[in-house]
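# Per-entry structural report
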Amino acid sequence: MAILKILQYPDDRLHKVATSVKQVTDSSRKLIKDMAETMYAAPGIGLAATQVDQHLRIIIVDTSEENNNLMVFINPEIISFSGESDCEEGCLSVPGIYEKVRRAERITVKALNLKGDPFSMDAEGLLAVCIQHEMDHLLGKVFVEYLSPLKQTRIRAKIKKRVRETM
Ligand code: NI
C-alpha cells in the first residue's frame with residue numbers, strides 16, 4: 001500500500017474528465033487500496049481517483065465515525081435524486097476551505113463493487129452529499145466552482161498566500 005499525492009486546487013489536472021473502468025482488475029483494486037490509505041491518512045471522508053491524478057471513474061467514501069465503513073463506487077451513476085440540502089463542504093484538494101453547496105438530499109446511485117459486480121444503493125444526508133461531491137471530481141469539477149466568482153477569487157488568493165507562507 002502507498003499514500004498517494006493529492007492534487008491541490010488550482011491544478012489543471014483536477015479538471016480532467018475521468019473515463020469509465022472497462023474491467024475491474026487487480027490493478028483497479030490496488031489503486032482503490034492506495035486511495036483508501038491516502039484518504040484515511042489525510043484524514044478525509046471521501047476521495048475520487050481524479051484527486052490522485054488517476055483519471056478513472058472510481059470514488060471511495062467513508063462517513064462512519066469509526067472510519068470502518070469503506071464504500072467503493074466504480075463507474076458510479078446517480079439514477080435518481082430528490083430534495084435539496086445546503087451542506088458545508090470541504091475537500092482534500094482545497095484544504096482549509098469550507099463552504100455551503102446545494103445538493104440533492106437523497107440519491108440512488110448505481111455502481112460496480114470491488115468484484116466488478118453491479119449494485120445500487122440509496123443514500124441521504126452526509127453520505128449523499130459526499131457521493132455527489134466525489135462524483136463531481138470525476139467530471140473535473142471542484143466544489144468551490146459552485147461559488148460566486150468573487151468567492152472563488154478570494155479562495156484562490158487565500159491559497160496563494162498560504163503557499164507563500166509555507167515556502
Ligand atoms: Ni473533494
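Refer to the preceding data block for the structure.
Rules and cut-offs
Residues numbered from 1 in each chain as written. Predicted model: local features only at pLDDT ≥ 70, side-chain atom pairs only at ≥ 80, totals over all residues. Heavy atoms only, no water. Helix = DSSP H or I, 4+ residues; strand = E, 2+ residues; numbered from the N terminus. Buried < 20%, exposed > 50% of the residue type's maximum accessible area, 1.4 Å probe, protein only. Contact = heavy atoms within 4.5 Å. Salt bridge = Lys/Arg side-chain N within 4 Å of Asp/Glu carboxyl O.

### Here's the deal with unusual backbone geometry
- With omega at -5°, the peptide bond leading from Tyr-9 into Pro-10 counts as cis.
- Counting through the fold element by element, Pro-10 comes out in the segment before helix H1 (26–41).
- Here the bond from Ala-42 into Pro-43 is cis, since omega is -10°, no more than 30 degrees from zero.
- Mapped onto the elements, Pro-43 comes out in the loop between H1 and strand S1 (46–48).
- A positive phi angle, near 65°, is found at Asp-53, a position not held by glycine.
- A positive phi angle is found at Asn-67, which is not glycine, with a value near 55°.
- Within the secondary structure layout, Asn-67 lies in the loop between strand S2 (58–61) and strand S3 (71–82).
- Of the residues examined, Asn-67 reaches a relative accessible area of 40% and is grouped as partly exposed.

### Focus on the environment of Glu-134
- Checked against the element boundaries, Glu-134 lands in helix H2 (residues 125–138).
- Placed 75 residues apart in sequence, Glu-134 and Ile-59 show a C-alpha to C-alpha distance of 6.2 Å.
- For Glu-134, the contacting residues outside a window of four places in its chain are Gly-46, Leu-47, Ala-48, Gln-51, Ile-59, Ile-60 and Val-61.

### With respect to the pattern of salt bridges
- Going through the model one piece at a time under the given rule, you end up with 11 salt bridges.
- Put simply, Arg-103 and Glu-89 hold a salt bridge, and the shortest N to O gap is 2.8 Å. Residue Arg-103 is located in strand S5 (residues 99–103), and its partner Glu-89 is located in strand S4 (residues 85–89); the two are separated by 14 residues in the primary sequence.
- The class for Arg-103 is buried, based on a relative accessible area of 6%.
- As a salt-bridge pair, Arg-106 and Glu-105 come within 3.5 Å of each other at their nearest N and O atoms.
- Since its relative accessible area comes to 36%, Arg-106 is described here as partly exposed.
- Residue classification places Glu-105 among the partly exposed residues on the basis of a relative accessible area of 32%.
- One salt-bridge network, held together by shared partners, links Asp-11, Arg-13 and Asp-53.

No statement about biological role is implied by the geometric values presented.
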